[in-house]
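Each chain, letter by letter, is given below.
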Amino acid sequence: MRIPVATYRLQFNPDFGFKAAKYIVPYLEALGITDIYASPIFKARKGSTHGYDVVDPTQLNPELGSEQDFSTLSKALRDRSMGWLQDIVPNHMAYDSQNIYLMDVLEHGPASEYGNYFDIEWEQPYEEINDRVLAPMLGDFYDRCLERGEIQLGYDESGLYVRYYSLQFPVRIESYAQLITHDLGRLARSLGRQHPDYIKLLGILYLVKDIRPEISGQQRKDQVAFVKFLLWELYKTNPEISVFIDHNLETFNGQPGQPETYDLLDELLQEQYYRLSFWKVGAEELNYRRFFTVNELICVKVDDNKVFHHVHDFVTELIAEGKVTGLRIDHVDGLYDPTQYLESLRQKVGNTYTIVEKILEPHERLPRRWPIQGTSGYDFLNLVNGLFCCRDNQRQFDYLYQQFTDIDTPYSELFLEKKRLIADKNLAGDVDNLARFLKRISSQYRYGRDLTLNGLKKAISEVLVAFPVYCTYINQGGITKTDLKYIQQAIQTAKRQIPQLVNELNLIEKFLLLEYEYSLPEEERAQWLHFVMRLQQFTGPLMAKGIEDTLFYVYSRFISLNEVGGSPNQFGVSAKAFHQYHQSQVEHWPQTMNTTSTHDTKRSEDVRARLNVLSELPERWAADVKTWSQLNSKLKQTDGDRQIPDANDEYFLYQTLVGAYPFDKADLPEFTERMKAYVVKAVREAKVHTAWLQPDSAYEEGFVKFVDQILKPGSKNKFLSKFRPFWEIIADYGIYNSLSQTLLKITAPGLPDFYQGTEFWDFSLVDPDNRRSVDYKARMASLKALKSESSDILGLCTKLLDHRQDGRIKQFMMMRALTVRNQYRAVFEKGSYIPVQVMGPYEGQVIAFARQHEQQTVVTVVPRYLTELIKPGKYPLGEAVWADTVIEIPNSLVNSGDAPWQEGITEQNLGTGNVFSVGQILNYFPVALLVNEGAA
C-alpha cells in the first residue's frame, strides 16, 4: 500500500484540467507534496465546476482533457514517484439528460436493463407517480410551464423526446402510437393507403403495439431500436411522412394562450415513466432517493452487486495501471450498508490506500471494523481549530451574543428546532415513504395495527431529528453497543419532545433495536432490517442540512466554530484533549488524513485562524462591534416592522468581515462583490427571513445594499475608519495562528492535506467562493525565490516576517516542514506520539509534542494565545517574550550521548539535553521543529 506523505487537493473543472495540473506538478514536488488529491474526474454534467454531478463513472470527463492528457499527467507524476488519490462518488449521479443510464430507465421504466441501478420506489400510493419516477425539474407549476410552451415534444434520429430548456427526456415507445395515429387519415389521403411507405408506417404501428410488457433488458432495447430505425428511415426518405410528423409535432406543442391546445401533449406526458413537476414538489412527494435534498442528484443502488461493479470497474482499472494509488469515498453515510460496501471495495481494489468522508461528532469514534485508513480529516480540523479558541472566555461571548442579538435560546434547542424544520419541509417525502413502509410491516402484528400512518410519520420524523450522530451502522451483522447507545438516546429525546406518541416511539425502538420475536420468519426479519437500514440513510442528510446548512448560519455566537463536523456549543479544546486524541489516533488510525481547508468547509483555515484571535479579546471585540453597529444603524433598511439586516445577521457579518477582509487594498472591489453574493447565500441557508425554497427579495436586496454601503471606500465611511485598525490587529495575530495550525497538521499523527492555493494566505468562504482560480505562476515564482535565498536562512526568515502579509512565510514554513516530514518519513508514519511538558509563565500558550521512531525524534513546538504575550505588530520571538518558559522532553526520547538537536525550519543547532527555553527555540521563527537523530 502506498501511503502519501502529503496530499494536495485539486478542484478539476473545465478551466483547470489535466494539462493545467501537469504544469504545476514540478512545483508541487518542490513544495514537498507527494500525492495529488483529485476531485471527481469522471464524466460529469457539462460545465460542472466540481465533478460530483457524475453522468458516467466508466469514462473520464472529456471537459478536463483527453485520455492522452490524463496519461501524460499520470506519467509526469509517476516519473517523480508521486501518487494520485482519487475522490469517487458511489452514492449518486446527476439527474440529467446526459446520464444515459437514467435516460434508459426513463424510457423503458422497470423493464430497463438499468431498472435496478437507481434508488427508486416504483410502487407508490400516489397514483400520479406509481410506476413512474418523479422528475421535479420544472421552474414553475407543471400546467404553467406546459401552457407557456416551455415543455416541447421533439424528434430526431434518437427518437421522440420531451425538452424543457436544456433538459431532454426520452419518450417511451408505446407513446409513438399517439403521435403517429393523430389525424392519420390526412396522411392516407395525401400519400394513398396503398403506398408502400404508408403500409410500412402501419407496420411500425403494429410493432409498437406488439412490444410485450414482459420483454425487458437488452431484448426490449433491440426491438425499440429497430422500430426507431424504421420510423427515422421513413421520415428522412419520404417528404410526405416528414411533413406529417412535423405537423403533428407542431399540433402537440400547442399555442400559448390557448390551454386546450396542450391537451394532446399533456396526455402523452401522462403515459411516460416519469412525471415532470415543479421542483418544490420534490420536498414532499418523492419516490427516488436524492443526495441530501438536491433534486438534480439521484442516488445509486450501489449495494446491488452488478451496480457496484459497474460503478467501480473503471477506477479499478486505473488502480491496476498505477494511475490511481488511493481512494477517497464521498458521503459514505449515504450508502445502504457502509460496512459491507467498504468490505466489497477492499476486495475489489486490493491493498489500496482508502479514506472516507465521514463526519464524526466530538464524542464519536470511527468504526474500527471498517477496512480503511481513516477519514478525510474533518475531525482533525475541528480539534485543531478548537485548540486556538480561548476556552476561558466562553461566558463573555455568551453574554455579548445574547446582548447584541437578544437571542437566548440554548444551542440544544436550536439543534432540534433546525433539524425539525428540514425534516418537515425538505425531507417530508422521505419521511412519508419510511412511515408507509413501517405501517405496512407493523400492521402484520397486533401491537402495531392501531398505530396510524400520521402518528408513525410524526414519530419517525422526531427520531430522525433526535439522532445525536450522522449515522448508525446496523446491518445483517446485528447492532453494536455504540449503535445501541445512540438509538436509545434518540428515542429518549423524542419521547421528551412528543410524549403523546410514546406507543409509536416504542414500536420504532423495537424495530431499530431488531427486537424480533423468536418465531418471526426470516422474510419478516429481512423487512425489519430493511426499514432500519433505510432509516439510517436519512439521518446523515438531515444532520447535514439541519445543522451545517441551517443552524450554522443561525447560531452566530462565534462562527469560527461553525464548521463541517464541528459543534459550536463546544467553546474550544484543551491541550490535554488534543494530546489524548492523537495518542488514540496513533494506536487506531495512524494513516488517516488531516485537513484544515476543503472544498466543503464553511470558511478557510486562514479565516478561522483570524477569528480565533477574537476569542482572546472579548472586551475589545464587544466594544468595537457595538461601535460599528451604532455607526451603521442609519444604513439599515426598514421593511415593515423589521430591520435589514437583523441583529443576528449583522453580528454574523462583522465576524465574517474580520475573518475574510483582504490584506491587499487592490482586492477590495472584488471582495465587496464576493461579500454581497455570500450574504445572500448565508441568509438563504439560515431560512429565517428568506430561503432557497421561498426567497424574500426585500430582505436579500436590503442586506446586499447594507454590505455595499459599509464597504464603500471614502472619507465619509466612518465604519471602515474604525474597522480597519481593529482588523489589522486581529489579522496580524491570525498569521501566527495559521502558521501554528499548519505545522500541527504537518506533524500530527496522520497525513497532512492541503487545499489548492492555501500555501499562500487564503480568505475564502463557503463554495463557490472557495473554488476561485489559483494563481500558480505567483506561487511557483515565490517558491523558486525562496529556494534561491535559503543560503541565508536567518536573513530570509527576517525578510519573511517583515513582509508576512504577502503569504510567502506560510509557503516557506510548509516547504521546510514538509522537507522534514519527507526526510523522517518513518517517524511520522510509524512513530509514537508523546506530549511534551511545557513549564513557566506562558506554559498555556505553547503546544508541544514529540514523534519518535527507533533512534529518530521530532518535536513540534507552536505558540497560541499570543495577544497575552506581544503587542500588536511585534514578533513572538526570543527570550524577552517567552521569559522562563521551557519545554522538557522526556528522558526516554533523549540519547545519553551528545547527539545535538537541530531546529528543522531555521537549521539552527540547539545543542544537547532535554530542557530548552521556548525563547531559544522560537528565536528566529514563530514555530519550530526539533530534530534529533540519536535518540534512544
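Computed from a predicted model, the values in this text were never measured in an experiment.

Engineer: Break down the overall build of the protein chain for me, with residues and values.
Structural biologist: A count of helices and strands for the protein chain gives 33 helices and 29 strands. Against the 2.2 N^0.38 benchmark of 30 Å for 936 residues, the protein chain shows a C-alpha radius of gyration of 31 Å, consistent with a compact globule. A total of 936 residues make up the protein chain; the buried ones form 62% of that total. Counted over contacts in the protein chain with a minimum sequence separation of 6, partners at least 24 positions apart contribute 75%. Carbon and sulfur atoms make up 48% of the accessible area of the protein chain, which amounts to about 35,900 Å² in all.

Engineer: Tell me about the pattern of salt bridges, residues and numbers included.
Structural biologist: Two side chains carrying opposite charge are able to pair once their charged atoms lie near each other. Under the criterion given, the structure shown has 60 salt bridges. Between Lys228 and Glu107 there is a salt bridge; the shortest N-O distance is 2.7 Å. Of this pair, Lys228 sits in helix H8 (residues 217-237) while Glu107 sits in helix H3 (residues 100-108); the two residues are 121 residues apart in sequence, bridging distant segments of the chain. Per residue, the accessibility class of Lys228 equals that of Glu107, and both read buried. A salt bridge links Arg684 to Glu700, with the shortest nitrogen-to-oxygen separation between them at 2.7 Å. With Arg684 in helix H25 (residues 668-686) and Glu700 in helix H26 (residues 697-710), this pair connects stretches of sequence that are 16 residues apart. Here Arg684 falls in the buried class, since its relative accessible area comes to 19%. What makes Glu700 buried here is its relative accessible area of 8%. Residues joined by salt bridges that share partners form a network here, namely Arg9, Asp87, Arg328, Asp330 and Glu357.

Engineer: Requested: an account of the side chain of Asn13, with residues and values cited.
Structural biologist: Mapped onto the elements of the fold, Asn13 is located in the loop between strand S1 (7-10) and helix H1 (18-31). From its side chain, Asn13 meets the backbone nitrogen of Asp15 in a polar contact 2.7 Å long.

Engineer: An account of the pairing of strand S8 (residues 151-156) is requested, with residue identities and associated values reported.
Structural biologist: For S8 and strand S9 (residues 159-164), the ladder comprises 6 bridges, and the chain directions are antiparallel. Note on S9: the bridge partner recorded for Asp156 is Gly159. Where S8 folds back onto S9 in an antiparallel hairpin, the turn is made up of 2 residues.

Engineer: Which residues make up unusual backbone geometry, and what values do they have?
Structural biologist: Going from Ile644 to Pro645, the amide bond is cis rather than trans, its omega being -5°. Along the chain, Asp767 connects to Pro768 via a cis peptide bond; the corresponding omega equals 10°. A positive phi is found at Lys687, a non-glycine position, where the angle reads about 60°. Within the secondary structure, Lys687 is located in the loop between H25 and H26.

Engineer: Help me get a handle on the environment of Gln756, residues and values and all.
Structural biologist: Considering the arrangement of structural elements, one finds Gln756 in the loop between strand S20 (751-755) and helix H28 (776-788). The class for Gln756 is buried, based on a relative accessible area of 8%. For the pair Gln756 and Arg9, spaced 747 residues apart in sequence, the C-alpha to C-alpha distance is 5.5 Å.

Engineer: Please give an account of the packing of aromatic side chains that cites residues and values.
Structural biologist: The full count for this structure, using the stated rule, is 59 aromatic pairs. Ring geometry for Trp621 and Trp628: centres 5.8 Å apart, planes at 80°, overall edge-to-face. Residue Trp621 shares its accessibility class with Trp628, and that shared class is buried. The cationic tip of Arg172 hangs over the ring face of Tyr273; the distance from NZ or CZ to the ring centre is 4.1 Å. Arg610 extends its terminal NZ or CZ atom over the ring of Phe763, reaching a point 3.7 Å from the ring centre.

Engineer: I'd love a proper account of helix H13 (residues 378-387), names of residues and values included.
Structural biologist: The buried count for H13 comes to 10 of 10 residues, which makes it a mostly enclosed element. Taken as a whole, H13 has its buried residues at Tyr378, Asp379, Phe380, Leu381, Asn382, Leu383, Val384, Asn385, Gly386 and Leu387. Contacts from the buried residues of H13 go to strand S16 (374-375), helix H21 (575-588), strand S17 (593-594), helix H22 (605-614), helix H27 (718-747) and strand S23 (846-853).

Engineer: Describe the nonpolar core, naming the residues involved and giving the relevant values.
Structural biologist: Core analysis: the biggest nonpolar cluster contains 238 residues, and Phe12, Phe531, Trp621, Ile887 and Leu930 have the highest contact counts within it. At 15 residues, the largest contribution of residues to this core is made by H27. Discounting residues that sit within four places of it in the chain, Phe12 has contacts with Gly17, Phe18, Ala21, Ala38, Ser39, Ile41, Thr49, Leu64, Leu73 and Trp84. Judged by nonpolar contacts, the second largest core, of 68 residues, contains Met103, Met137, Leu146 and Leu167.

Engineer: How would you summarise the pairing of strand S15 (residues 353-356) if you had to cite specific residues and measurements?
Structural biologist: Across the two faces of S15 the burial is the same, with Tyr353 and Ile355 and Thr354 and Val356 all buried. Sheet analysis places strand S14 (residues 326-329) next to S15, joined by 4 bridges and oriented parallel. In the strand pairing of S15, Ile329 is matched with Val356. Crossover connection from S14 via helix H12 (residues 338-349) to parallel S15: handedness right-handed. As judged from the 2 bridges shared by S15 and S16, these two strands associate in the parallel manner. Residue pairing in the sheet places Ile355 in a bridge with Gly374 of S16.

Engineer: Can you lay out the sheet that holds strand S2 (residues 35-38) for me, pointing to particular residues and giving the numbers?
Structural biologist: Spatially, 8 strands are ordered S16-S15-S14-S5-S2-S1-S20-S17 in an open sheet, and the strand pairing comes out parallel. In the strand order of this sheet, the two ends are held by S16 and S17, each with one partner. Bridge count for S1 against S2 is 4 bridges, and the pairing is parallel. Within S2, the position partnered with Thr7 by the bridge is Asp35.

Engineer: Describe H26, listing the residues and the values that go with them.
Structural biologist: Given 3.6 residues per turn, any residue in an α-helix points the same way as the ones three and four places further on. Along its 14 residues, H26 runs 20 Å from first to last C-alpha, staying within 8% of the 20 Å computed at 1.5 Å per residue. Buried within H26 are the following residues: Tyr699, Glu700, Gly702, Phe703, Phe706, Val707 and Ile710. The arc that holds the buried residues of H26, viewed along the axis, is 165°, so those residues lie on one side.

Engineer: Can you tell me about the sheet that holds strand S24 (residues 856-863), naming the residues and giving the values?
Structural biologist: Read across the open sheet, the 6 strands follow the order S21-S23-S24-S29-S26-S27; overall the sheet is antiparallel. Every interior strand has two partners, whereas the edge strands, strand S21 (832-835) and strand S27 (909-911), have only one. Strand-to-strand, the axes of this sheet are offset by a mean angle of 25°, without reference to chain direction. For S24 and strand S29 (residues 928-932), the ladder comprises 5 bridges, and the chain directions are antiparallel.

Engineer: So, the side chain of Thr598: which residues are in play, and what are the values?
Structural biologist: Tracing the backbone shows Thr598 in the loop between S17 and H22. At 2.9 Å, the side chain of Thr598 forms a polar contact with the side chain of Tyr378. Sequence-distant contacts of Thr598, defined by excluding residues within four places in its chain, comprise Tyr378, Tyr755 and Asn770.

Engineer: Mind laying out the environment of Asp197, listing which residues take part and the relevant values?
Structural biologist: Mapped onto the elements, Asp197 comes out in helix H7 (residues 196-210). Residues Asp197 and Tyr176, spaced 21 residues apart in sequence, show a C-alpha to C-alpha distance of 17 Å. Not counting the four nearest positions on each side in its chain, Asp197 is found in contact with Leu191, Leu234, Asn238 and Ile241.

Engineer: Give me a negative patch on the surface: which residues, what numbers.
Structural biologist: Negative charge collects at one region of the surface, where Asp143, Glu147, Glu260, Asp263, Glu267 and Glu271 lie side by side. Those elements that provide at least two residues to the negative patch are helix H4 (142-147) and helix H10 (263-270). Along the polypeptide, Asp143 turns up in helix H4.

Engineer: Before we move on, can you summarise the packing of helix H18 (residues 481-497) against helix H19 (residues 502-512) with the specific residues and values?
Structural biologist: As a packed pair, H18 and H19 sit with axes 10 Å apart at the nearest point and diverge in direction by 175°. Relative to H19, the element H18 is oriented roughly antiparallel. Side by side, H18 and H19 meet where Ile487, Gln488, Ile491, Ala494 and Lys495 of the first sit next to Val502, Leu505, Asn506, Ile508, Glu509 and Leu512 of the second. Here the contact of H18 with H19 is composed, by residue class, of 7 nonpolar, 2 polar and 2 charged.

Quick notes on the rules
Residues numbered from 1 in each chain as written. Predicted model: local features only at pLDDT ≥ 70, side-chain atom pairs only at ≥ 80, totals over all residues. Heavy atoms only, no water. Helix = DSSP H or I, 4+ residues; strand = E, 2+ residues; numbered from the N terminus. Rg over C-alpha atoms; globule rule 2.2 N^0.38 Å. Buried < 20%, exposed > 50% of the residue type's maximum accessible area, 1.4 Å probe, protein only. Contact = heavy atoms within 4.5 Å. Areas by Shrake-Rupley, 256 points an atom, 1.4 Å probe, with all protein chains shown as cover. Salt bridge = Lys/Arg side-chain N within 4 Å of Asp/Glu carboxyl O. Polar contact = N/O pair within 3.5 Å; in protein donor to acceptor, adjacent residues only side chain to side chain. Pairing = 2+ DSSP bridges. Phe/Tyr/Trp six-rings, centres within 6.5 Å; stacked < 30°, edge-to-face > 60°. Lys NZ or Arg CZ within 6 Å of the ring centre and 35° of its normal. Core = buried A, V, L, I, M, F, W, Y, C linked by side-chain atoms within 4.5 Å. Right-handed = clockwise from strand over helix to strand, strands pointing away. Expected span 1.5 Å × (residues − 1). Arc of directions from axis to C-beta. Axes fitted to C-alpha atoms, helices over the stretch in contact; angles between N-to-C directions. Patch = residues over 30% accessible without salt bridge, like charges linked within 9 Å, V, L, I, M, F, W, Y side chains within 5 Å. Lys, Arg positive; Asp, Glu negative; His and termini not counted. Charge placed at Lys NZ, Arg CZ, Asp CG, Glu CD. Parallel < 35°, antiparallel > 145°, perpendicular 65-115°, else oblique. Nonpolar A, V, L, I, M, F, W, Y, C, P; charged D, E, K, R; others polar.

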